[in-house]
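Here's the letter readout for the chains.
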Amino acid sequence: MDDPVPIMLIATTDATSRRILGDELRRRYGADYEVVVCDGHAHGRAVLEGLRRWNRQVALILGCYGPADRGGLDFLRRAYGFHPAAKRGVVVTWGDFASAPTVFRAVAQGYAELVIIRPERLRDEEFHGAITDALDDWHLAQGVGFEAVRLIGEVGDERTHTLRDSLSRNHIPAVFHPVGSETAERTLEGLDLRDPVLPVMVLEFTAPPIVLENPTDLEIAEAMGVTRPPPADKIFDVVVVGAGPSGLATAVYASSEGLSTMVVEGEAVGGQAGTSSLIRNYPGFSRGVSGAHLAYRSFHQAWTLGTDFLFLRKVEGLRVDGALYAVSISDGSKVHCRTVVVATGVDYRRLGIPQLEDLVGRGVFYGATVSEAPSMAGKHVCVVGGGNSAGQAVLHLARYAKKVTLLVRGPTLAASMSEYLISQLEATRNVAIRFGTAIVGARDQDGFLAAVKVAASGAGDAVPGEEIEAGGLFVLIGSMPRTSWLPETVERDPAGFLRTGGRDVSFGGSAGADRIPLALETSMPGIFAIGDVRAGSIKRVATAVGDGATVVSMLHAYLAEHPLPAASAAPGGAAAREELPR
Ligand SMILES: Cc1cc2nc3c(=O)[nH]c(=O)nc-3n(C[C@H](O)[C@H](O)[C@H](O)COP(=O)(O)OP(=O)(O)OC[C@H]3O[C@@H](n4cnc5c(N)ncnc54)[C@H](O)[C@@H]3O)c2cc1C
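Attention in this report is confined to the structure presented alongside it. All values reported here derive from a predicted model rather than from experimental measurement. (Residues numbered from 1 in each chain as written. Predicted model: local features only at pLDDT ≥ 70, side-chain atom pairs only at ≥ 80, totals over all residues. Heavy atoms only, no water.)

1. Topic: the site of the ligand
Using the following cut-off: Think of it this way: one heavy atom of a residue within 4 Å of a molecule or strand is enough to make that residue near it. The definition of a polar contact used here is a pair of N or O atoms within 3.5 Å, where within protein one atom must be able to donate a hydrogen and the other to accept one, and adjacent residues in sequence count solely through side-chain atom pairs. Each accessible area is a Shrake-Rupley estimate made with a 1.4 Å probe; only the visible protein chains count as cover when residues are assessed. Helix and strand definitions here come from DSSP, where helices need a minimum of 4 consecutive H or I residues and strands a minimum of 2 consecutive E residues; each element is numbered from the N-terminal end. When residues are sorted by character, Ala, Val, Leu, Ile, Met, Phe, Trp, Tyr, Cys and Pro go into the nonpolar class, Asp, Glu, Lys and Arg into the charged class, and all the rest, Gly among them, into the polar class. In this entry, domain limits derive from an automatic or database-based domain assignment.
Taken together, 37 residues lie around the ligand, and S246, E265, Q272, Y348 and Q392 are the ones closest in. Between the ligand and N281 there is a distance of 2.8 Å, counted from a nitrogen atom to a side-chain nitrogen or oxygen. Note that an oxygen atom of the ligand is positioned 2.8 Å from one of the backbone N or O atoms of D532. In isolation the ligand offers 1000 Å² of accessible surface; the protein chains occlude 96% of this area. Mapped by element, the contributors of at least two residues to the shell around the ligand are α9 (245-256), β11 (261-265), β16 (346-348), α12 (388-397) and α14 (541-561). Partitioned by chemical class, the residues of the shell around the ligand number 14 nonpolar, 15 polar and 8 charged. When we break the shell around the ligand down by domain, the ones giving at least three residues each are domain 3 (235-347 + 480-579) and domain 4 (354-477).

2. A closer look at empty space enclosed by the protein
As a reminder of what qualifies: Site definitions follow a grid-based scheme: protein atoms alone, a 1 Å grid, a 1.4 Å probe that fits but cannot get out for cavities, and for pockets an open set with protein on both sides within 12 Å along at least five of seven lines, plus lining residues having an atom within 4 Å of a point. Grid points are joined across faces, edges and corners, and a volume is the space filled by probe spheres set on the points.
This structure, assessed with the given rule, holds 3 cavities of 30 Å³ or more. The volume enclosed by the largest cavity comes to roughly 50 Å³. Listing elements by their share of the lining of the largest cavity, those giving two or more residues are α6 (158-169) and α8 (217-224). Of the residues forming the lining of the largest cavity, the biggest block, 3 residues, is contributed by α6.

3. Focus: the sheet that holds strand β18 (residues 380-384)
Here is the rule we go by: Strands are labelled as partners when DSSP assigns at least two bridges between them. Between the N-to-C directions of two axes lies an angle of 0 to 180 degrees, each axis being a line fitted to C-alpha atoms and, for a helix, fitted only over the stretch in contact.
Read across the sheet, 5 strands follow the order β17-β24-β18-β19-β20 without closing on themselves; strand pairing throughout is parallel. Two strands close off the open sheet at either side, each with one partner strand: β17 (364-366) and β20 (431-434). The average undirected angle you get between the axes of adjacent strands in this sheet is 20 degrees. Pairing analysis gives 3 bridges linking β17 to strand β24 (residues 472-475), with the strands arranged parallel. Counterpart to Y366 in the pairing with β24 is V475.

Pasting the structure below:
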């Protein structure tokens, strides 16, 4: 029998809103969701409680706020406890501007995730856009739906975890089946795999399905077949290293302005932003946008504009090759280009505690991996760090975990975290903050993290030998720029970020010494740095995108000043100038 459909629940004391919302949702979504309408908050809570007991999935909970319903925000806050993974929206009526400040404050404190204006006419597509975006985010977080890739592995195994994360961040519809589950056993038996090397990946969308045992990134990229290395004789105007927000923005603008563009991405589209569950401060997205969606749409935009992509392959080196640059790729190939844009962002700093490093993927995670959050349901989770990333991770995890404790070495968050995040943390009832507390070790049970050992740092109150129960530990303690593959001659600041621009760098003795570097150009002519990897950059999605757009005008300037000599061709190929699609 098919699984029961997910629920959309509306609970309000406002009879008009109840009728309008019930009718609208049933008409548009009735085939795929069960729409439940409750005539008050107590009724709504009782139904949510029942749905939890029956293990029914609740995708969306709507409450109202306005003159006819002053209890809707409180209802939504309490609804979280019953179904933490459900999206919660507060519906307001157009023109009720007096209610707006209360509603916005409640949303900032996490009572609801989205504000929706009640539809007053049929076919209100703005209203439905908000609903479908919320449902789309819910589906992405659940990892349910069309199964293009079946992944079978051990729960908690590091490689399996990395693959799940990478598939979800690359927007590849994949379903994970733990070894021992009925589907996993049936699949392995059907494939005649008696003693497979786990994890096993089955590409269901190929005919016949391709089966990979413990595949490398390269094997996966090749099996997927979506991005193949370019012909050896192709010369790109620009190679962009990294498909985070900055690299994707460069790809969109460069391709749309006629530059032949190749993006090389080692892990997943979206970079750090792709791991963020809700970006609330990106202009134009008043309801916020999940990093995965923003990244996927930018990728799609660049792709349709003509950008070539190489996924799951890293850039490992760069050297001058005549009038060109040769970029070495981890699959052993080389890509030739006239300019390079370094958009490689940063890597998370490690804790460097061997006990914890041994548990990575089995309870310990670096970064706020969105895909892991649902598996923290009912657990006590710790987050280490004092920056915005740590704050956002805590709020996201608090939707699923029983309790989240933020461990902060220093005495305050004021200098390192945005004010709005601090107040959201303080307002979230299952979040605790321990200041002056450092992690010093871990205790495991059956190879999985069970508790973290903490000690007082400064005026902290940790007692000697104190342990905090932890079903998960998320480490967000700062970052290191990813530049190890670049020649040492490319100037960095003391923390390793790439310096750019005439005031900060000079070309020294290299070619091009007769001009000053362009604003986003490094100390190597024709090599540009953008986004988080650039010294002095503001570490935000919008500024990374701004860098990505800005650098394209400099690419044009550089390319115009450095035309290809008529006989230029990438070594090993016959291509010459006319091959360039300019
Ligand atoms: C959890 C989280 C939440 C955040 N929330 C917000 C928010 O709400 N608002 C906001 O404005 N900012 C937010 N940020 C910050 C924002 O995501 C970053 O500032 C932004 O992603 C930087 O973009 P980037 O393109 O410079 O680098 P990145 O996003 O780091 O992307 C770099 C990419 O380069 C790839 N790469 C690295 N080295 C190589 C190589 N050698 N070869 C090939 N590829 C390589 C990486 O795999 C990565 O995909 C958040 C960050 C995190 C971690």
